[in-house]
Amino acid sequence: MDCFSKGILFRTHEENTITPLAVEVAKEMFLDGYYKAIAFGDGNCQKCAKCNPERCNFPGQTVPSMEACGMDVFATVRNNGLEIHTLRVKGEPQNHFGLILVE
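I will try to describe carefully the structure that is included in this document. (Residues numbered from 1 in each chain as written. Predicted model: local features only at pLDDT ≥ 70, side-chain atom pairs only at ≥ 80, totals over all residues. Heavy atoms only, no water.)

### Some points on the overall build of the protein
When helices and strands are tallied, the protein shows two helices and three strands. Reading the protein from its N end, one meets helices and strands in the order β-α-β-α-β. Across its three principal axes, the protein shows a C-alpha extent of roughly 40 × 35 × 20 Å. A fraction of 69% describes how many contacts in the protein between residues 6 or more apart in sequence connect residues 24 or more apart. (Helix = DSSP H or I, 4+ residues; strand = E, 2+ residues; numbered from the N terminus. Contact = heavy atoms within 4.5 Å.)

Structure (structure tokens):
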């Protein structure tokens, strides 16, 4: 992670929007010359009923989540001035976060 010097941390309240957005933004950044661009979505991948750990069935449509890569999402979000908290009530609006890192 030390090779990355810039990042875009983004948030939405809508489910299933972060990962597709992260994939698209990372692709555009790569095409703009940022050859070291990596994207992180949120939550579990929902593409397949059963994951194929040997080879992803949708390699161009999904990315790992920050939490799956061992990132402390709460600390990352708070360190960048955004609000995050644990859900207290079922049905409470959720924040969904994504991250793009570039060199």
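### Looking at the packing of aromatic side chains
The geometry of an aromatic ring pair is captured by the separation of the ring centres together with the interplanar angle, meaning the angle of the planes. Under the criterion given, the structure shown has zero aromatic pairs. When the ring centre of Phe 58 is taken as origin, the NZ or CZ atom of Lys 47, which lies over that ring, is 5.7 Å away. (Phe/Tyr/Trp six-rings, centres within 6.5 Å; stacked < 30°, edge-to-face > 60°. Lys NZ or Arg CZ within 6 Å of the ring centre and 35° of its normal.)

### Focus on unusual backbone geometry
With a phi close to 60 degrees, Asn 16 is a non-glycine residue in the positive phi region. Within the secondary structure layout, Asn 16 lies in the loop between strand E1 (6-12) and helix H1 (18-31).

### Some details on the sheet that holds E1
Taken in spatial order, the three strands of this open sheet run E1-E3-E2, and their pairing is antiparallel. The sheet is open, and its two edges are formed by E1 and strand E2 (37-40), each paired on a single side. Neighbour-to-neighbour, the strand axes of this sheet turn through a mean angle of 15 degrees, independent of strand direction. Relative to strand E3 (residues 96-102), E2 runs antiparallel, the two sharing four bridges. Paired with Ala 37 across the bridge in E3 is Val 102. The strands that H1 touches are E1, E2 and E3; relative to E3, the one it contacts most, it runs at about 15 degrees. (Pairing = 2+ DSSP bridges. Axes fitted to C-alpha atoms, helices over the stretch in contact; angles between N-to-C directions.)

### Observations concerning a nonpolar patch on the surface
Side chains of Phe 30, Leu 31 and Tyr 35 sit close together on the surface and give an oily, nonpolar patch of about 370 Å² of accessible area. Among the secondary structure elements, Tyr 35 is positioned in the loop between H1 and E2. We classify Tyr 35 as exposed; its relative accessible area is 56%. (Patch = residues over 30% accessible without salt bridge, like charges linked within 9 Å, V, L, I, M, F, W, Y side chains within 5 Å. Areas by Shrake-Rupley, 256 points an atom, 1.4 Å probe, with all protein chains shown as cover. Salt bridge = Lys/Arg side-chain N within 4 Å of Asp/Glu carboxyl O. Buried < 20%, exposed > 50% of the residue type's maximum accessible area, 1.4 Å probe, protein only.)

### Considerations on the side chain of Ser 65
Tracing the backbone shows Ser 65 in the loop between E2 and helix H2 (73-79). In this structure the side chain of Ser 65 is engaged in a polar contact, spanning 3.1 Å, whose partner is the backbone nitrogen of Ala 68. If sequence neighbours within four positions are ignored, Ser 65 has contacts with Phe 40, Gly 41, Asp 42 and Gly 43. (Polar contact = N/O pair within 3.5 Å; in protein donor to acceptor, adjacent residues only side chain to side chain.)

### Let's talk about the layout of surface pockets
In this structure, the largest pocket spans a volume of roughly 720 Å³. Counting residues per element, the ones that place at least two in the lining of the largest pocket are H1, H2 and E3. Per-element tally for the lining of the largest pocket: the top contributor is H1, with three residues. Residues of the lining of the largest pocket, tallied by class, amount to 14 nonpolar, 14 polar and four charged. In this structure, the second largest pocket spans a volume of roughly 170 Å³. As for the second largest pocket, its lining consists of Cys 45, Lys 47, Cys 48, Cys 51, Asn 52, Arg 55, Cys 56, Asn 57, Phe 58 and Thr 62. When its residues are assigned to classes, the lining of the second largest pocket shows five nonpolar, three polar and two charged. (1 Å grid on protein atoms, 1.4 Å probe; cavity = no way out; pocket = protein on both sides within 12 Å on 5 of 7 lines; lining within 4 Å. Points joined across faces, edges and corners; volume = space filled by probe spheres on them. Nonpolar A, V, L, I, M, F, W, Y, C, P; charged D, E, K, R; others polar.)

Geometry only, nothing functional implied.
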